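Here is how the chains run, residue by residue.
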Amino acid sequence: MSDISPEERTSKNFLEEIVEKDLADGRHTTILTRFPPEPNGYLHIGHAKSISVNFGLADTYGGATNLRFDDTNPITESVEYVENIKRDVQWLGYQWKEELYASDYFENLFGFAVQLIRDGLAYVDDSTSEEIAALKGTPTSPGSNSPYRSRTPEENEDLFRKMRAGEFPDGSRILRAKIDMASPNMLMRDPVIYRIKHAHHHRTGDAWCIYPTYDFAHGQSDAIEKITHSICTLEFLSHRELYDWFIEKLGLFPSKQYEFARLNLSYTIMSKRKLLQLVNEGVVDGWDDPRLPTISGLRRRGYTPLAIRDFCARIGVAKRDNLIDMSLLEFCAREDLNKISLRRMVVLDPVKVVITNWPEGKVEMLESENNPEDPATGNRDIPFGGELYIERDDFMEDAPKKFFRLSPGNSVRLKSAYIITCDDFSKDEDGNITEIRCTYYPDSRSGSDTSGIKAKGTLHWVSVPHAVEVEVRQYDRLFRVMDPAAEEGDFLDYINPESLTVIEKAMAEPALLHDARESSAVTGSISDGTGPHYQFMRKGYYFPDVSSGPDKLVYNQTVALRDTWAKVNK
RNA sequence: UGCCCGGUCGUCUAAUGGCAGGACAGCGGGUUUUGGUCCCGUAUGUGGGGGUUCGAAUCCUCCCCGGGCAACCA
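Quantities reported herein were computed from a predicted structural model and do not represent experimental measurements. (Residues numbered from 1 in each chain as written. Chains lettered and ligands numbered in written order. Predicted model: local features only at pLDDT ≥ 70, side-chain atom pairs only at ≥ 80, totals over all residues. Heavy atoms only, no water.)

(A) Molecular detail of the overall build of chain A. Helix and strand counts for chain A stand at 14 helices and 25 strands. Considered along the principal axes of its C-alpha atoms, chain A spans approximately 100 × 55 × 45 Å. Looking at chain A residue by residue over its 570 residues, the buried ones come to 53%. By sequence separation, contacts in chain A at least 24 residues apart represent 70% of the contacts at least 6 residues apart. (Helix = DSSP H or I, 4+ residues; strand = E, 2+ residues; numbered from the N terminus. Buried < 20%, exposed > 50% of the residue type's maximum accessible area, 1.4 Å probe, protein only. Contact = heavy atoms within 4.5 Å.)

Below is the structure:
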């Protein structure tokens, strides 16, 4: 499986250079990476970058990647998250070598802690968290030693075993590594490595009431698995010193940690805490709300795994902070969707056109391509008649020269049908157009046009008596500002109130209903997340929502088509 | 104002002492029965000063700017 990098990549990122050097030097003969999510939320596009980096690296150099859940904090973690994370990784198209859990190593980790205690490198501290914080110092001033720091190894081991046995309440004691309270690196100032939490764990149940911290679990888990390259994001950089310290003092396999800059995307947020807040407070519809940058949200919205992987390949991997333009993600979506989506005509904001010279009651079936980018998808039939819907903004009473759609006296091509000329129209008392009257040219039929008439514009349309009412959900950016996380105050104040617009009655060509019936007959559901992806012509790419069914068709706008007219118009 | 990391087109990302290149976004044009796709063209960048060198985005130095670090979160 080679990844979808559209431009021939001739240069390597810094991680690839490190791996190549390690392979060349004989430091490793093969590489093993890991993707280590904490099951306390859903995966987002930032995780997709991490997944792409870890699995991609292993793939490039013939190694493998473990999926390891970093489940050391039972309070916030759950099986639901585990299951959805696995689903998302698989959906993206990656296959892990082993499915593992930090909690698989709780017994090993306990042993490592005892080893440190016996070596005089860890001690039980009875201080309160406030006292510990006070003695920790600050980044600009050193800390000082805890009064419990000089306990004997015997006393420490006894107390630690009693901690495990459940003899002490939460928060009453902790186990700390004995390193250096004056270290310029705050993490080296006797970090907490075990804490008491009488909490039920989603995998180990009630077997434990003490749990290792991230720092004490992660590196050792890497070492146990013999991970060669442990890749994480920049905020863990200062943890590396500690990571190495534990591995050295415990004499374990020398896994090495490397850090890259996490993904930031414009007009959205990537913090799991904030995403959880949006979900819990009902600002959005759930973790898979199509406005969210979660993998499940993107999937529901109609993004494809290919588009997301292409995006990850294009953004690169480096160590500087970044804020990627959302338009790049949208570009990747369009690029894939253009190739695979079925073209259909849907009028989102209908206005009626009457063709005055059309034979009364006549219905003609016209053929149109399913996808001009892929002739193998064949054609479909579309009914045409004397009453049609067109898009309201495809008509202008007083049109400027550059407007090559419909206006009085002007002609347009109806896609895959006839050329029509607008003769007349009616308005209501508020000035809204209520009906447009046109004549058509019988010899201008698509594919056999002998009329010689040239129409500048082509419009999409739907026959009134055959129109299928569908619901269409249009999306805009979730936030009004480029970088919500960087703004002052509550990030909720920057939510875009118009991020979702529901069009309850859009008018669709009947093929959409036929597709839905066919697909539901096959899978039992028209939206099992595998498609079909549509292009509603001249509008955008759309994907059936999970709530869609043959009785009520609902479509999410994945991304709009590029619209150069909208730009000119501004 | 301590330690650590980082600063290349608007946004990302290459160039590893030898012509600053690519992508997205932008702009201009061509093709088109989707104002889509496709094709062609075009503008824009090495944070600043000093130094080393025949030659510096790259090495040294000072400064400036951004980020991280004081959870019993990960």
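(B) Structural view of the protein's contact with RNA strand B. The environment of RNA strand B is formed by 64 residues, the closest being Glu17, Thr72, Arg343, Ser446 and Gln535. Taking the atoms of RNA strand B that fall within 4 Å of the protein, sugar and phosphate contribute 60% of them. Contacts to RNA strand B include arginine 195, whose side-chain N or O atom sits 2.7 Å from a phosphate oxygen. At 3.1 Å from a base oxygen of RNA strand B is found a side-chain nitrogen or oxygen belonging to arginine 413. If you list the elements that add at least two residues to the surface near RNA strand B, you get β6 (192-196), α11 (305-315), α12 (326-340) and α14 (564-569). Ranked by residue count, the leading element in the surface near RNA strand B is α12, at four residues. (Near = heavy atom within 4 Å. Polar contact = N/O pair within 3.5 Å; in protein donor to acceptor, adjacent residues only side chain to side chain.)

(C) Broad picture of the layout of surface pockets. Taken as a whole, the largest pocket holds about 1000 Å³ of empty space. Taken together, 41 residues line the largest pocket, and the ones lying closest to its centre are His47, Glu235, Phe236, Arg262 and Lys272. Mapped onto the lining of the largest pocket, the elements with two or more residues apiece are β1 (32-35), α2 (45-60), α7 (214-225), β8 (229-233) and α9 (272-280). Of all the elements, α2 adds the most residues to the lining of the largest pocket, at four residues. Across the lining of the largest pocket, the residue classes tally to 16 nonpolar, 14 polar and 11 charged. Its boundaries defined by the atoms lining it, the second largest pocket holds a volume of some 780 Å³. Every residue lining the second largest pocket is counted, 24 residues in all, and those nearest its centre are Arg405, Asp563, Thr564, Trp565 and Ala566. Within the residue set of the lining of the second largest pocket, elements represented by two or more residues are β19 (457-459) and α14. At five residues, the largest contribution of residues to the lining of the second largest pocket is made by α14. Class assignment of the residues belonging to the lining of the second largest pocket gives a composition of nine nonpolar, five polar and 10 charged. (1 Å grid on protein atoms, 1.4 Å probe; cavity = no way out; pocket = protein on both sides within 12 Å on 5 of 7 lines; lining within 4 Å. Points joined across faces, edges and corners; volume = space filled by probe spheres on them. Nonpolar A, V, L, I, M, F, W, Y, C, P; charged D, E, K, R; others polar.)

(D) Molecular detail of the packing of helix α4 (residues 106-118) against α7. Interhelical geometry of α4 versus α7 gives an angle of 110° and a closest axis separation of 11 Å. The orientation of α4 with respect to α7, classified from their angle, is roughly perpendicular. Together, Asn108, Leu109, Phe112, Ala113 and Leu116 of α4 and Phe216, Ala217, Gln220 and Ile224 of α7 make up the contact between the two elements. (Axes fitted to C-alpha atoms, helices over the stretch in contact; angles between N-to-C directions. Parallel < 35°, antiparallel > 145°, perpendicular 65-115°, else oblique.)

(E) Representation of the pattern of salt bridges in the model. For the coordinates displayed, the defined rule picks out 38 salt bridges. As a salt-bridge pair, arginine 118 and glutamate 157 come within 2.8 Å of each other at their nearest N and O atoms. Of the two residues, arginine 118 is situated in helix α4 and glutamate 157 in helix α6 (residues 153-164); the sequence distance between them amounts to 39 residues. For arginine 118, a relative accessible area of 52% gives the class exposed. The salt bridge partner of arginine 314 is glutamate 335, with a shortest N-O separation of 3.2 Å. In this pair, arginine 314 is assigned in helix α11 and glutamate 335 in helix α12, connecting sequence segments 21 residues apart. One salt-bridge network, in which partners are shared between bridges, spans Asp285, Asp288, Arg300, Glu471, Arg473, Asp545 and Lys552. (Salt bridge = Lys/Arg side-chain N within 4 Å of Asp/Glu carboxyl O.)

In short, geometric facts, not functional conclusions.
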